[in-house]
Amino acid sequence: MTQVFNFSAGPAVLPKEVLQQAAAEMLDWHGSGMSVMEMSHRGPEFISIYKQAEADLRELLAVPANYEILFMQGGGLGMNAFIPLNLLGRVQGRVHEPATIDFVHTGSWSGKSLKEAARYANVNVAASSQAEGFTYVPPQDAWKLTQDAAYLHVCTNETIDGVEYNFVPTPPEGVPLVADMSSHILSRTIDVSKYGVIFAGAQKNIGPAGLTLVIVRDDLLEHALPICPSAFHWKNVAGHESMFNTPPTYGIYIAGLVFAHLKRQGGVAAIEQRNIQKARLLYEALDADDFYRNRVDPSCRSRMNIPFYLRDESLNEQFLAGAKARGLLQLKGHKSVGGMRASIYNAMPIEGVQALVDYLNEFAGR
Ligand SMILES: *Cc1c(COP(=O)(O)O)cnc(C)c1O
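Procedures and definitions
- Residues numbered from 1 in each chain as written.
- Predicted model: local features only at pLDDT ≥ 70, side-chain atom pairs only at ≥ 80, totals over all residues.
- Heavy atoms only, no water.
- Domains from an automatic or database assignment.
- Polar contact = N/O pair within 3.5 Å; in protein donor to acceptor, adjacent residues only side chain to side chain.
- Helix = DSSP H or I, 4+ residues; strand = E, 2+ residues; numbered from the N terminus.
- Nonpolar A, V, L, I, M, F, W, Y, C, P; charged D, E, K, R; others polar.
- Buried < 20%, exposed > 50% of the residue type's maximum accessible area, 1.4 Å probe, protein only.

Engineer: Residue-level account of the domain arrangement of the chain, with values.
Structural biologist: Taken domain by domain, the chain consists of domain 1 (17-264) and domain 2 (266-365). Its C-alpha centre places domain 1 at a distance of 27 Å from the equivalent point of domain 2. There are 16 residue pairs in polar contact (both at pLDDT 80 or more) connecting domain 1 and domain 2. Elements with a minimum of two residues in the side of domain 1 that touches domain 2: strand S7 (163-164) and helix H6 (249-264). For the side of domain 1 that touches domain 2, the leading source of residues is H6, giving three residues. Counted by class, the side of domain 1 that touches domain 2 contains eight nonpolar, twelve polar and six charged residues.

So this is what it looks like as structure tokens:
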């Protein structure tokens, strides 16, 4: 098999060692005679896998003891509904006025989130960079926040637009901060205690699609609306150690292998340094002259998802074909914005970024 580098935005590249271990254990996990896929989620074998994954993630992100880690389903888009259903009870009595949720609109994903939330509450767009084509994060002193909002929702890395927060927002006193970290969780150190809820679809930096991670502060488990589905009621899920219904067991297993692999590499602080290096390498090549162009303000360029355009877009197909011939895969940009996009998650080795940079230089005739 030829060596390829996969720049897909998600589902995305996983560490090779993890896939090799999963392959070796596929038919017989640790002498159990069973594949992880065949195990009862309530049996001792799977419980040990789950507990280790939970403990390793807690260690990697330094998740405080008063936060629950939930391994759920439903994806990032599901959470756009499950979050209002779980949190709007916090302002109950006012929900039929209706309650207000604050959003900062920095790209496609926060846009999808606010559209979904508008089905359940009044949405206030506290700030937006839409008029400038989602090329920056509006500074917080320009946000028009609601003092008694049910919560403040931000997307800290916009996967399609390539915009990443370089600060932690401060909501008004008592208003929980909710963050969609789907595409950059575990890529950089974070202070979990600043957030009420962190959520992430697994298919970017964690593992296979189908697993959705929620990290939620204990006091926010109590505020679900009565209509919240039981299987997505955080208190239920937390009370049953993510096994109120059958969790995505194989996804949890792979995520656990990814967490263990990350620990062996020195943890999140160490991978963050490598991510900074990888992103710098790629942006330098894109910025070298005007053959390529990334439109995002340098202060909030994503380290994970790097959209770019060829100056002469009639060369797009030629560029992609040449990339593919070199084993540089899935570089086509999201259909909503066009152009190209290189996603360089934790599992993308620096050799992959270097190979892309070499190709960018060659294609530009440098
Ligand atoms: C990929 C992604 C999602 C994904 O949602 P799914 O429902 O799992 O497809 C949500 N938010 C962000 C920021 C993402 O990058």
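Engineer: Explain unusual backbone geometry to me, using residue names and the numbers behind them.
Structural biologist: Look at the link from glycine 10 to proline 11: it is a cis peptide, with omega at -10°. Take proline 11: it is sitting in the loop between strand S1 (5-6) and helix H1 (16-25). Phi is positive for glutamate 241, close to 45°, though the residue is something other than glycine. Mapped onto the fold, glutamate 241 is located in the loop between helix H5 (234-239) and H6. On the basis of relative accessibility, which here comes to 43%, the residue glutamate 241 falls in the partly exposed class. Unlike most non-glycine residues, glutamine 330 shows phi in positive territory, near 60°. The topology assignment puts glutamine 330 in the loop between strand S13 (328-329) and strand S14 (340-343).

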